[in-house]
There are 2 protein chains.
Amino acid sequence: MKSIILNGVQNMARRKDHSPEELKALVIGAVLGFLQNEPAKKLSLRQLAKMVGYSPGTLINLFGSYAHLILAANAATLDLIADKLSKALVNTQNPQDQLSVIALEYLNFAKQHPFQWQILFEHHLAEEDEVPHWQLSRIDGLFTLIEKCLEQLNPHSQNDERHKASRVIWAAVHGICMLEVDNKLFAQDSVTGESMINSLLSHYLGSWKISNQHQGDDQQ
Amino acid sequence: MKSIILNGVQNMARRKDHSPEELKALVIGAVLGFLQNEPAKKLSLRQLAKMVGYSPGTLINLFGSYAHLILAANAATLDLIADKLSKALVNTQNPQDQLSVIALEYLNFAKQHPFQWQILFEHHLAEEDEVPHWQLSRIDGLFTLIEKCLEQLNPHSQNDERHKASRVIWAAVHGICMLEVDNKLFAQDSVTGESMINSLLSHYLGSWKISNQHQGDDQQ
DNA sequence: CCTTTAATTAAACACCGTTCAAAATAAAGT
DNA sequence: ACTTTATTTTGAACGGTGTTTAATTAAAGG
């Protein structure tokens, strides 16, 4: 297996048969596969390189850095989530039910892929380089989805009211998912992520959808 | 400064004058001081040891491991937050205002100490050792605070209804803080953490407090 | 076939948390 | 005061990390 050593110091560099895009997909697959069983803390560039049969350096000049490699994996995760959400929506018409489906599907993903989901939010880029635009547009798509439901829920609502409400709902659902995945709810067994999401949506939306029925007087 | 070298290989171990408790406080102070300016990612045991003038090994057999050192610093942070919350509450009587004060004070802490706040939730212990009980009781104290407000808000509510609502509120507020600190809200400037918390509390509580006024029929 | 270009690599670098035997100190015994 | 014992504290070593770089190889162009 080891190549021939000549001259005391020697050799290597055998070109594999993967295009850059194939290799990227291979690596991202390895990341997500690893995170199915092991926490993000245990992931490393060197292990990853071993898994896909390339050297650490190859992965670095493919993605730019280890941080950007993780970012690429996170982008794939976001795509996967967006796909699940839109698929879950096709059989639901009522806008409040749609929001419920979105939130519960999101929770479901977090519970089924806790490590993959955690790394989405625990991975911080160095402050010098900003989040790439393609990442931003993915997130924007999720917000737009929520805002559309809100518009159906209350057609009299203003744009900026829906904008704010979408952020509140997203953040709240996200907080519930996070504490559920981290097991930091310290709640009795009857209180699950599902029941919390139901409580949140029914109460928040119940009040929100009637708050602007007449002459647009916002509460806050 | 360097001790005398004799015999080719040499010396060291000058006993400093700190009791274990003093040293712990010194280290925790160094952690929190560091996190005022630098992200958790850049913190390390070795730098920390240099800051307080001890060797890495000393800190390890003081706290057990680097992970437990961070845990101790997080405990100090939780105490600090609990202290701020209870102090902020003394001038507020109305229970809904109290909840608002709690949430806004919590948000304020997160914004003023983002790195210290982030490490509270991004630090995961290895699964083999559980979260210590003194940590759990601290968190339980925060929940009890919220549940007391909810009881004032709706004296007819059941114990388990308040239990659930306290978790929903806490998780939602937490989610808002997290996305605000991480700059992941992608919202227009008018939508701030404060306005989101106000929206969340007014709508959620507005519905919640009347949901059990008569014969205890819960929505979920 | 030779040259150029691009891909891939091993090795080196500067870190990291942890372990451990040895060194230095303090405390106890005489 | 001296010796012994016990306790801190440490440097050095170990195996790991992400990243850089010079060398090597394969492929492409002429």
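The sections below set out a description of the structure shown in this document.

Analysis parameters
- Residues numbered from 1 in each chain as written.
- Chains lettered and ligands numbered in written order.
- Predicted model: local features only at pLDDT ≥ 70, side-chain atom pairs only at ≥ 80, totals over all residues.
- Heavy atoms only, no water.
- Helix = DSSP H or I, 4+ residues; strand = E, 2+ residues; numbered from the N terminus.
- Rg over C-alpha atoms; globule rule 2.2 N^0.38 Å.
- Buried < 20%, exposed > 50% of the residue type's maximum accessible area, 1.4 Å probe, protein only.
- Contact = heavy atoms within 4.5 Å.
- Phe/Tyr/Trp six-rings, centres within 6.5 Å; stacked < 30°, edge-to-face > 60°.
- Lys NZ or Arg CZ within 6 Å of the ring centre and 35° of its normal.
- Buried area = accessible area lost by both parts, 1.4 Å probe.
- Salt bridge = Lys/Arg side-chain N within 4 Å of Asp/Glu carboxyl O.
- Polar contact = N/O pair within 3.5 Å; in protein donor to acceptor, adjacent residues only side chain to side chain.
- Core = buried A, V, L, I, M, F, W, Y, C linked by side-chain atoms within 4.5 Å.
- Axes fitted to C-alpha atoms, helices over the stretch in contact; angles between N-to-C directions.
- Parallel < 35°, antiparallel > 145°, perpendicular 65-115°, else oblique.
- Nonpolar A, V, L, I, M, F, W, Y, C, P; charged D, E, K, R; others polar.
- Arc of directions from axis to C-beta.

### A short note on the overall build of chain A
Here's step 1: Tallying secondary structure elements over chain A gives nine helices and zero strands in all.
Here's step 2: When its helices and strands are written in sequence order, chain A yields α-α-α-α-α-α-α-α-α.
Here's step 3: A globule of 220 residues ought to have a C-alpha radius of gyration of about 17 Å, yet chain A, at 22 Å, is considerably larger.
Here's step 4: Its C-alpha atoms put chain A at 85 × 40 × 35 Å along the principal axes.
Here's step 5: Within the span of chain A, comprising 220 residues, buried residues form 46% of the whole.
Here's step 6: A separation of at least 24 residues holds for 69% of the contacts in chain A among residues at least 6 apart in sequence.

### Some thoughts on the packing of aromatic side chains
All names here are of chain A.
Here's step 1: This structure, assessed with the given rule, holds eight aromatic pairs over all chains.
Here's step 2: With centroids separated by 5.3 Å and ring planes inclined at 55°, the aromatic side chains of Y106 and W170 adopt a geometry described as tilted. Here the residue Y106 occupies a position in helix 5 (residues 95–112), and W170 occupies one in helix 8 (residues 159–181), the gap between them amounting to 64 residues.
Here's step 3: Exposure remark for Y106: the relative accessible area of 5% places this residue in the buried category.
Here's step 4: Relative accessible area serves as the criterion here: at 12%, W170 is assigned to the buried category.
Here's step 5: The structure contains a cluster of three or more aromatic residues connected by ring pairs, namely Y106, W117, F121, F143 and W170.
Here's step 6: Its end group placed over the ring of F143, R167 keeps NZ or CZ at 3.8 Å from the ring centre.

### Some details on the interface of chain B and chain A
Here's step 1: Each side of the interface is counted separately: chain B has 42 residues, and chain A has 42 residues.
Here's step 2: Of the roughly 3900 Å² buried where chain B meets chain A, counting both sides, 66% is carbon and sulfur surface.
Here's step 3: The three residues of chain B that bury the most area against chain A are H124(B), F186(B) and H203(B), which together make up 16% of that side's buried surface.
Here's step 4: Connecting chain B to chain A are zero salt bridges.
Here's step 5: The interface formed by chain B and chain A holds ten residue pairs in polar contact (both at pLDDT 80 or more) in total.
Here's step 6: Of all the elements in the fold, those that place two or more residues in the side of chain B that touches chain A are helix 6 (114–122), helix 7 (133–153), helix 8 (159–181) and helix 9 (193–208) of chain B.

### Remarks on the nonpolar core
Here's step 1: Ranked by size, the top nonpolar core spans 84 residues in total, and within it W117(A), L150(A), W117(B) and L150(B) carry the most contacts.
Here's step 2: Beyond its immediate stretch of four places on either side in the chain, L150(A) contacts L99(A), S157(A), R162(A), A165(A), S166(A), I169(A), L205(A) and W208(A).

### As for the packing of helix 8 of chain A against helix 8 of chain B
A pair of packed helices can be characterised by two numbers: the angle between their axes and the separation between those axes.
Here's step 1: Viewed as axis vectors pointing N to C, helix 8 of chain A and helix 8 of chain B meet at an angle of 105°, and their least axial separation amounts to 7 Å. With respect to their mutual orientation, helix 8 of chain A and helix 8 of chain B come out roughly perpendicular. Taking contact as the criterion, the partners of W170(A), A171(A), A172(A), H174(A), G175(A), I176(A), M178(A) and L179(A) in helix 8 of chain A are, on helix 8 of chain B, W170(B), A171(B), A172(B), H174(B), G175(B), I176(B), M178(B) and L179(B).
Here's step 2: In the contact of helix 8 of chain A with helix 8 of chain B, the residues fall into twelve nonpolar, four polar and no charged.

### Here we look at the environment of K164(A)
Residue and element names in this part refer to chain A.
Here's step 1: Relative to the elements of secondary structure, K164 occurs in helix 8.
Here's step 2: Residue K164 is classed as buried on the basis of its relative accessible area of 11%.
Here's step 3: On a C-alpha basis, the gap between K164 and E147 in space is 9.2 Å, while along the polypeptide they are 17 residues apart.

### With respect to helix 2 (residues 45–52) of chain A
Residues and elements named next belong to chain A.
Here's step 1: Among the residues of helix 2, L45, L48, A49 and V52 are the ones counted as buried. Each buried residue of helix 2 lies within a common arc of 100° when the element is viewed along its axis, so the set occupies one face. Exposed residues on helix 2 whose side chains face more than 90 degrees from its buried face are R46 and K50.
Here's step 2: As for helix 2, its buried residues are in contact with helix 1 (20–37), helix 3 (56–63) and helix 4 (66–89).
Here's step 3: Immediately beyond the C-terminal end of helix 2, within one or two residues, lies G53, with a positive phi of roughly 80°.

These figures come from the coordinates and say nothing about function on their own.
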